[in-house]
Amino acid sequence: MKVNHNFANIAQSYLFSTIAQKVADYTAAHPDAPVIRMGIGDVTLPLPQASIDAMHAAVDELSHQESFRGYGPEQGYDFLKDAIQAYYASHGTQLESDEIFVSDGAKSDVGNILDLFDQDNTVLVPDPVYPVYVDTNTMAGRKILYMDANESNGFLPLPDPAVKADIIYLCSPNNPTGAVYDRAGLKAWVDYALANQAVILFDAAYECFVADENLPRSIFEIEGAKKCAIEFCSFSKTAGFTGTRCGYTVVPLELEFEGMNLNKMWLRRQTTKFNGVAYIVQRGAAAVFTEEGVKQVQEHLDYYRENARILADAMDELGIWYTGGKNSPYIWLKCPNGMESWEFFDYLLENANVVGTPGAGFGENGKNFFRLTAFGDRDKTKEAVERIKKLLS
Ligand code: MLT
């Protein structure tokens, strides 16, 4: 038996597990410390009432023989796919039902999609980057190229025609930087992908935070994208499904490479390796798109947006450079006084009892940056801001 030695090339633990361990060690040593967690982008508001009601009703359905359901379609029930299709249409993007694949979340699909691609492909990711893109490809032994995202390009790198890549990862609104591509930026990437026969894996997990009508929510708003892109989306940040688990992936019917149809390949992959998302959960997700659901989700998003504004205002007051905070739940700030990000992590934890995410965990270009999330409780966000201001002013 031979193991996959590529695992020796990834960090020993996943970024957010490392942070959780550090915080656990700190709280064990200081059990009374009033620690405020603004590290992992996990939501704090409960599920929308519309989803809760729909899930209760679904449990009741499963409790009666006449309405019981066993295995569902691996790619999701029509009631949910129809709702997703209508959501895209409401933003001007037409999708076929067969292009939508319901899943247990964007993170799983971003990793699983790699089953479709040969190991001998070159991957292009921005630096800093959501670690899942890098770790999953490193596990598979693929070559990874990095593009510079930095202060001077507002953490929104554009394609370099001299760089040849096959699989390109884009995330907008971006995790970790909160930066959002405009249409021209995404068009440049679509044009690059079409010219290079490359595929774009577009992570749209944070699209619901886009409030500016001029900014794209989906790569499919860009002409030509259906010939070169796959989009990953999630109910986690939209409707608080981080623990409930539901997302969807859009694989265009016309996406073909080397005579192989990626939509058909993904269908084949999912029907073989996946038995679909729980009926109860899909009912809860579909309720997000009902009139009541839409209203409740908007209230939740407004709550988190206000947290983001409070954080951004504090950075403005302190004169700290940052991206995000608008159209995004993340604030990506430059560590003060030339500190490196893990140093700032310890400084903030020890002196303000506030947990954030060190930029170095997202790549070399993050080593002087730090991420705070707006997904926290309002009072705790305000308290964290007061402590940060006291410490840094
Ligand atoms: C994050 O904090 O970056 C996210 O919660 C990670 C994720 O969605 O998997």
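All residue numbers refer to position in the chain's written sequence, counted from 1. Confidence filtering applies because this is a predicted model: local features only for residues at pLDDT of at least 70, side-chain atom pairs given and counted only at 80 or more, and all residues used for totals across whole chains, interfaces and linings. The basis for every side-chain value is the complete set of non-hydrogen atoms in the structure, without hydrogens or water.

This brings us to the UniProt feature "modified residue: N6-(pyridoxal phosphate)lysine" (unreviewed entry) in the chain. UniProt records the feature "modified residue: N6-(pyridoxal phosphate)lysine" (unreviewed entry) for Lys237 in the present numbering. Within the fold, Lys237 resides in helix α7 (residues 236–239). Given a relative accessible area of 13%, Lys237 falls into the buried group. Discounting chain neighbours no more than four positions away, the residues touching Lys237 are Gly41, Val43, Ala205, Tyr206, Cys208, Phe209, Thr242, Leu301, Tyr330 and Phe375. In terms of polar contacts, Lys237 uses its side chain to reach the side chain of Tyr206, at 3.3 Å. UniProt positions are given in the numbering used here, feature names are shortened, and annotations may be inferred rather than shown by experiment. Numbering of helices and strands runs from the N terminus, with a helix taken as a DSSP run of H or I at least four residues long and a strand as a DSSP run of E at least two residues long. Any residue under 20% of the maximum accessible area for its type is buried, any over 50% is exposed, and the rest in between are partly exposed; the area is computed with a 1.4 Å probe on protein chains only. Whether two residues are in contact is decided by their heavy atoms: any pair within 4.5 Å suffices. Polar contact criterion, stated in full: a pair of N or O atoms within 3.5 Å, where within protein one must be able to donate a hydrogen and the other to accept it, and residues adjacent in sequence count only if both atoms are side-chain atoms.

Let us now look at the sheet that holds strand β12 (residues 330–334). Sheet architecture is open: four strands sit in the order β11-β12-β15-β14, paired in antiparallel fashion. At either margin of the open sheet sits one strand with a lone partner, and together these are β11 (322–324) and β14 (357–358). At least two DSSP bridges between two strands are required for those strands to pair. For β12 and strand β15 (residues 369–373), the ladder comprises five bridges, and the chain directions are antiparallel. Counterpart to Lys334 in the pairing with β15 is Phe369.

Okay, the site of the ligand next. We call a residue near a given molecule or strand whenever any one of its heavy atoms falls within 4 Å of it. Neighbouring the ligand are Phe16, Ile40, Gly41, Lys107, Tyr130, Asn175, Tyr206, Lys237, Tyr330 and Arg371. A distance of 3.0 Å is found between an oxygen atom of the ligand and a side-chain nitrogen or oxygen belonging to Lys237. Only the protein chains shown count as covering a residue, and every accessible area follows the Shrake-Rupley method with a 1.4 Å probe. The fraction of the free accessible surface of the ligand (270 Å²) that becomes covered by protein chains is 84%. Just so you know the grouping, Ala, Val, Leu, Ile, Met, Phe, Trp, Tyr, Cys and Pro go in nonpolar, Asp, Glu, Lys and Arg go in charged, and all remaining residues, Gly too, go in polar. Of the residues that constitute the shell around the ligand, the class distribution is five nonpolar, two polar and three charged.

A few words on the packing of helix α10 (residues 291–318) against helix α12 (residues 378–392). Between N-to-C directions, angles span 0 to 180 degrees; the directions come from axes that are lines fitted to C-alpha atoms, helices contributing only their stretch in contact. Contact geometry for α10 and α12: axes closest at 10 Å, N-to-C directions at 10°. Taken together, α10 and α12 sit at an angle that is classed as roughly parallel. Here Tyr303, Glu306, Asn307, Ile310, Leu311, Ala314, Glu317 and Leu318 of α10 lie close against α12, whose contacting residues are Arg378, Thr381, Lys382, Val385, Ile388, Lys389 and Leu392. When the residues that make up the contact of α10 with α12 are grouped by side-chain class, the tally is eight nonpolar, two polar and five charged. Angles below 35 degrees are treated as roughly parallel, those above 145 as roughly antiparallel, those between 65 and 115 as roughly perpendicular, and all remaining angles as oblique.

UniProt's entry tags Tyr71, Ala106, Lys107, Tyr130, Asn175, Tyr206, Ser234, Phe235, Ser236, Arg245 and Asn275 with the feature "binding site: pyridoxal 5'-phosphate" (unreviewed entry), counted in the numbering of this structure. In summary, the annotated positions, distributed over 205 residues, remain apart in three dimensions as well, the widest C-alpha pair reaching 34.2 Å. Its location among the elements puts Ser236 in helix α7. Filtering out sequence-adjacent residues up to four positions away, Ser236 remains in contact with Val43, Phe241, Thr242, Arg245 and Cys246. Relative to the elements of secondary structure, Asn275 occurs in the loop between α8 (262–273) and α9 (279–287). For Asn275, a relative accessible area of 48% corresponds to the partly exposed category.

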